[in-house]
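Tertiary structure, described
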Protein chains: 2
Amino acid sequence: MAFQDYFPVWDKLSAQQQERVLGSLVFRRVKKGALLHSGSAECTGLLLIKQGQLRAYILSDEGREVTIYRLFDRDMCLFSAACIMRSVQFDVIVEAEKDTELWIIPADVYQSLMEQSAAAANYTNELMGSRFSEVMWLMEQVMWKSLDKRLAAFLLEEAAIEGTDELKITHEIIANHLGSHREVITRMLRYFQSEGMVRLSRGMVAITDKEKLKSLQSDE
Amino acid sequence: MAFQDYFPVWDKLSAQQQERVLGSLVFRRVKKGALLHSGSAECTGLLLIKQGQLRAYILSDEGREVTIYRLFDRDMCLFSAACIMRSVQFDVIVEAEKDTELWIIPADVYQSLMEQSAAAANYTNELMGSRFSEVMWLMEQVMWKSLDKRLAAFLLEEAAIEGTDELKITHEIIANHLGSHREVITRMLRYFQSEGMVRLSRGMVAITDKEKLKSLQSDE
């Protein structure tokens, strides 16, 4: 499978536009943990994932993280090219959560593509709308859901992404996803364990009662 | 001043596109408190404010509100036309915060404009980026700032918008802006009063020490 198969508006571009994009593409393989983009001061370009998993997060002044969305195969990361969108005024950090293969479209190439092609501009709109929706979902969680529900939702989501109920993840990393502190997460996980919903061991959280976690997550 | 002067991409449209937009426009005067849009099930269209003030907010299952952004003269409301953006999956409610004069561009007319014109599509992108930035700012506030800082920031913002330090606003309305409860806001305002930062009376919050509020707002 080539870039053309991964880029949804490919067929709507002119031959000249296609050539310009192909000629400027960079293909990269990055290891789990690699930092791909660290805020709007960088002009990394658009990242189109061939295969792998990226995490986009924001950082507080005190260094606390919170995951705002994740990107999987075929997803495109827009905010690593925030430099070309002057109305976008926030800093997103992007790191590889798994070993990842991706293409980078240089920001200036994408910018002129958007200016020339309504199809490319509308596709960009659609991408931004998707990310916006994810952030609004998160906002509603943070505003109105207590941490136990958010933790339950996170563990269930992880299990779905990883395809296993035995999650290799530290309390620190969970805290970084949820914008919380390690100590707070450890306390809540111990409570979950005492309720029979998870079993804890070093670097591992095993889900032992999915139904109970689900009912906690959706409980009002 | 006519619609043409308020719509930034007007000059980049073809004569035919201009005609289509002008022919479909609806001009409306609404009273303070009027509900203009109530979620993605409605296809209200884009709202371009000639003069006035709108508030966009989200609602929890239990009926709690939180303001996500406000719109002023010349601003355009995009999410009242979320029906034409299939990737946008959240419900925003829009109400008039002051008596407002506005134009409504029907959603289908705007959609075909975006499909035909890269300029219109890129302008839409820019609008979405601005709103996204406001929501990200709010998210950072909610994640990492305590309610006293958020309340201080809100009072200072209100004073700037209204051009007065004597704010005619109830504790209930402040709670609705901040996604909090009236009782919580009342308690915090009484604390502010005891610290000499505000003076409370019926339906009124008067700022008495702006510098102290500012230092509280930015205090880490």
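Residues numbered from 1 in each chain as written. Chains lettered and ligands numbered in written order. Predicted model: local features only at pLDDT ≥ 70, side-chain atom pairs only at ≥ 80, totals over all residues.

**With respect to the overall build of chain A**
Along its length, chain A carries eight helices and 11 strands. Across the 220 residues in chain A, those meeting the buried criterion constitute 34%. (Helix = DSSP H or I, 4+ residues; strand = E, 2+ residues; numbered from the N terminus. Buried ≥ 20, exposed ≤ 12 C-beta atoms within 10 Å, placed from the backbone.)

**Focus on the interface of chain A and chain B**
Between chain A and chain B, the residue contacts involve 34 residues of the former and 34 residues of the latter. For the side of chain A that touches chain B, the elements supplying multiple residues, two or more each, are helix H3 (107–116) and helix H4 (118–144) of chain A. When grouped by side-chain class, the residues that make up the side of chain A that touches chain B number 16 nonpolar, 12 polar and six charged. (Contact = placed C-beta atoms within 7 Å. Nonpolar A, V, L, I, M, F, W, Y, C, P; charged D, E, K, R; others polar.)

**Overview of the domain arrangement of chain A**
All names here are of chain A. When cut into domains, chain A gives domain 1 (3–142) and domain 2 (145–218). Between domain 1 and domain 2, the C-alpha centre-to-centre distance is 29 Å. Residue contributions to the side of domain 1 that touches domain 2 peak at three residues, all from strand S5 (residues 65–71). A class-by-class count of the residues in the side of domain 1 that touches domain 2 yields one nonpolar, two polar and two charged. (Domains from an automatic or database assignment.)

**Re helix H6 (residues 171–178) of chain B**
Residue and element names in this part refer to chain B. The buried fraction of H6 is high, at six of eight residues. Residues of H6 that are buried: His171, Ile174, Ala175, Asn176, His177 and Leu178. Buried positions along H6 lie against strand S5 (65–71), helix H5 (147–162) and helix H7 (182–194). At the exit of H6 stands glycine 179, carrying a positive phi of roughly 70°.

**Considerations on the environment of Arg64(B)**
Locating Arg64(B) in the fold gives a position in the loop between strand S4 (54–59) and S5. Its 17 C-beta neighbours within 10 Å are what place Arg64(B) among the partly exposed residues. For Arg64(B) and Leu156(B), which are 92 residues apart along the polypeptide, the C-alpha to C-alpha distance reads 23 Å. Once you skip the residues sitting within four places of it in the chain, Arg64(B) turns out to touch Trp144(A) and Gly179(B).

**Topic: the sheet that holds S5(B)**
Pairing between the strands of a sheet comes from backbone hydrogen bonds, and it takes one of two forms, parallel or antiparallel. Residue and element names in this part refer to chain B. What the four strands build is an open sheet, ordered S2-S7-S4-S5; its pairing is antiparallel. Where the open sheet ends on each side, the last strands, each with one partner, are strand S2 (35–38) and S5. On average, each strand axis in the sheet is inclined to that of its neighbour by 20°, with strand direction left out of account. As defined by bridge partners, S4 adjoins S5 across six bridges and the pair is classed as antiparallel. What sits directly across from arginine 55, in S5, is arginine 70. (Pairing = 2+ DSSP bridges. Axes fitted to C-alpha atoms, helices over the stretch in contact; angles between N-to-C directions.)

**Let's talk about the sheet that holds strand S11 (residues 204–207) of chain B**
Residues and elements named next belong to chain B. The three strands lie next to each other as S9-S11-S10, forming an open sheet whose pairing is antiparallel. Only two strands of the sheet have a single partner each, and these edge strands are strand S9 (166–167) and strand S10 (198–201). The sheet contact formed by S9 and S11 spans two bridges and is antiparallel. Residue pairing in the sheet places glutamate 166 in a bridge with alanine 206 of S11.

**A short note on the relation of the copies chain A and chain B**
Least-squares fitting of chain A to chain B yields an RMSD of 0.0 Å, with the transformation described by 0.0 Å of translation along the axis and a rotation of 180°. Put plainly, the chains are arranged around a two-fold axis. Taking C-alpha positions as the reference, the residue of chain A nearest the rotation axis is Ala118(A), at 1.9 Å. In this assembly, 100% of the residues forming the interface of chain A have copies in chain B that are likewise at the interface, indicating an isologous arrangement. (Least-squares fit on C-alpha atoms with pLDDT ≥ 70 in both.)

**Brief notes about the pairing of S10(B)**
Residue and element names in this part refer to chain B. Sheet topology note: the S10/S11 ladder contains four bridges and is antiparallel. Across the sheet, the residue bridging to valine 198 is isoleucine 207, located in S11. Count of turn residues in the S10/S11 antiparallel hairpin: two residues, of which glycine 203 carries a positive phi of about 65°.

**Structural notes on H5(B)**
Residues and elements named next belong to chain B. For H5, which comprises 16 residues, the first-to-last C-alpha distance of 22 Å matches the rise-based estimate of 22 Å (1.5 Å per residue) to within 8%. Listing the buried residues of H5 in full gives Leu151, Ala152, Phe154 and Leu155. Relative to the axis of H5, the buried residues are bounded by an arc of 160° and lie together on one face. Turning to H5, the residues buried within the fold contact S9, H6, H7, S11 and helix H8 (210–218). Following H5 by one or two positions, glycine 163 has its phi on the positive side, about 70°. (Expected span 1.5 Å × (residues − 1). Arc of directions from axis to C-beta.)

**Notes on the environment of Ser60(A)**
Mapped onto the elements of the fold, Ser60(A) is located in the loop between strand S4 (54–59) and S5. With 95 residues separating them along the chain, Ser60(A) and Leu155(A) place their C-alpha atoms 23 Å apart.

**Examining the confidence of the model for chain A**
All names here are of chain A. Taken as a whole, chain A shows an average pLDDT of 93; of its residues, 99% reach a score of 70 or greater. Model confidence for chain A, summarised as mean pLDDT per element, is weakest for helix H8 (residues 210–218) at 90 and strongest for strand S8 (residues 100–105) at 98. What the predictor reports for the complex is a pTM of 0.87 with an ipTM of 0.85. (pLDDT = per-residue confidence, 0-100.)

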